Amino acid sequence: YGSSRGLRTTSIEFTQGEIVGLLGPNGSGKTTMLRLAAGLLTPSTGRVELDNKPPRDQLRRFAFLSTSAVFPEWMEHKDVDRCMSGLFPDFSSERFHRLIQDLNITNQPFKALSRGNQTKLLLASTLAREVGLYLLDEPLAGIDFMARESIIGAVIGEFRADASVILSTHEVKEAEALFDRAVILRDGDVLLDERAETLRARGTSVVEAYRNNMQ
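Remember, predicted model here, so these are calculated numbers, not experimental data. (Residues numbered from 1 in each chain as written. Predicted model: local features only at pLDDT ≥ 70, side-chain atom pairs only at ≥ 80, totals over all residues. Heavy atoms only, no water.)

Participant: Would you take a moment to explain the pattern of salt bridges for this structure?
Facilitator: Close approach of charged atoms allows side chains of opposite charge to pair. Applying the stated criterion across every chain, the model contains 18 salt bridges. As a salt-bridge pair, E138 and K30 come within 3.4 Å of each other at their nearest N and O atoms. Within this pair, whereas E138 is found in the loop between β3 (133–137) and α5 (145–158), its partner K30 is found in helix α1 (residues 30–37), the two being separated by 108 residues in sequence. By the burial criterion, E138 is buried, and K30 matches it. Residues R129 and D90 are paired through a salt bridge, measuring 2.8 Å at the closest nitrogen-oxygen approach. Here the residue R129 occupies a position in the loop between α4 (115–127) and β3, and D90 occupies one in the loop between α2 (77–87) and α3 (93–102), the gap between them amounting to 39 residues. (Salt bridge = Lys/Arg side-chain N within 4 Å of Asp/Glu carboxyl O. Helix = DSSP H or I, 4+ residues; strand = E, 2+ residues; numbered from the N terminus. Buried < 20%, exposed > 50% of the residue type's maximum accessible area, 1.4 Å probe, protein only.)

Encoded structure:
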């Protein structure tokens, strides 16, 4: 980005069937990594691949929830369902409406929803797609504790062993129980890439590992 780097040269691989916590403070490179994985950015050097092919060639194989994502302000549940069904053949209306109920999202125009309910509606529309990779950028940011809990519950409830989730957040304490693996970034560098169970076997939680790498 101009003279600064969002993400430095690194080598990292994400595998099938895991929930990865992409952790770090604001400006650490989390969004850049997810946008590269979604094919929205092109790396200055090196390459990003999904099963040995560029992400832009495989847009139907992953779902990306961006921090800037919105629906038109007039859309209600039925409108979101119709829109997503028209855009994505892999979108499951049945799963979408189940998530709406599980997340207790009121049926109002998007603009009239609270920020927490807007985030939950966007998440429901993302998780309702039947894909192999879910890229979730800061779905817990700026919303209250109860909304965070329901979002975490939805991610766990919809997780499939044949899919993977990469979820970026700096709300590490609330989300720790989600993670099979923790990747910690700071200033565009990968400081740690470790299985959560390996950290715990050493007597260290993901939260403690995060704090140690931020010092």
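Participant: Any chance you could explain the packing of aromatic side chains here in plain terms?
Facilitator: Two numbers describe a pair of aromatic rings. These are the distance of the centres and the angle of the planes. Considering all chains together, one arrives at two aromatic pairs under this definition. Seen from their ring centres, F71 and F110 are 5.9 Å apart, and the 90 degrees between their planes marks the pair as edge-to-face. Highlighted residues: F71 in the loop between β2 (62–65) and α2 and F110 in the loop between α3 and α4, separated in sequence by 39 residues. Each member of the pair, F71 as well as F110, is classed as buried. Between the aromatic rings of F91 and F96, the centroid separation amounts to 5.5 Å while the plane-to-plane angle is 50 degrees, which identifies the pairing as tilted. Under the relative-accessibility criterion, F91 is labelled buried at 9%. Overall, the relative accessible area of 0% leaves F96 in the buried class. (Phe/Tyr/Trp six-rings, centres within 6.5 Å; stacked < 30°, edge-to-face > 60°.)

Participant: Looking at this structure, how should I read the sheet that holds β3?
Facilitator: Strand pairs in the sheet, formed through backbone hydrogen bonds, run parallel or antiparallel to each other. Spatial strand order, β2-β3-β4-β1-β5-β6: six strands in an open sheet with mixed pairing. Single-partner strands in this sheet number two, and they are β2 and β6 (189–195). Across this sheet, the average inter-strand angle for adjacent strands is 15 degrees, counted without regard to direction. By the bridge criterion, four bridges tie strand β1 (residues 19–23) to strand β5 (residues 181–186) in an arrangement that is parallel. (Pairing = 2+ DSSP bridges. Axes fitted to C-alpha atoms, helices over the stretch in contact; angles between N-to-C directions.)

Participant: Would you take a moment to explain the pairing of β6 for this structure?
Facilitator: In terms of strand pairing, β5 meets β6 through six bridges, oriented antiparallel. Within β6, the residue paired with V183 across the bridge is D193.

Participant: What's the story with the environment of R61 in this structure? I'm lost.
Facilitator: Counting through the fold element by element, R61 comes out in the loop between α1 and β2. The class of R61 is partly exposed, set by a relative accessible area of 38%. Separated by 34 residues in sequence, R61 and R95 place their C-alpha atoms 18 Å apart. If sequence neighbours within four positions are ignored, R61 has contacts with L50, D51, V131, G132 and L133. Among the polar contacts made by the side chain of R61, one reaches the side chain of D51 at a distance of 2.7 Å. (Contact = heavy atoms within 4.5 Å. Polar contact = N/O pair within 3.5 Å; in protein donor to acceptor, adjacent residues only side chain to side chain.)

Participant: Can you walk me through unusual backbone geometry in this structure?
Facilitator: Phi is positive for N52, which is not a glycine, with a value near 70 degrees. Inspection of the secondary structure assignment puts N52 in the loop between α1 and β2. The exposed category is assigned to N52, whose relative accessible area is 66%. Not every positive phi belongs to a glycine, and E138 is a case in point at roughly 55 degrees. E138 sits in the buried class, given a relative accessible area of 12%.

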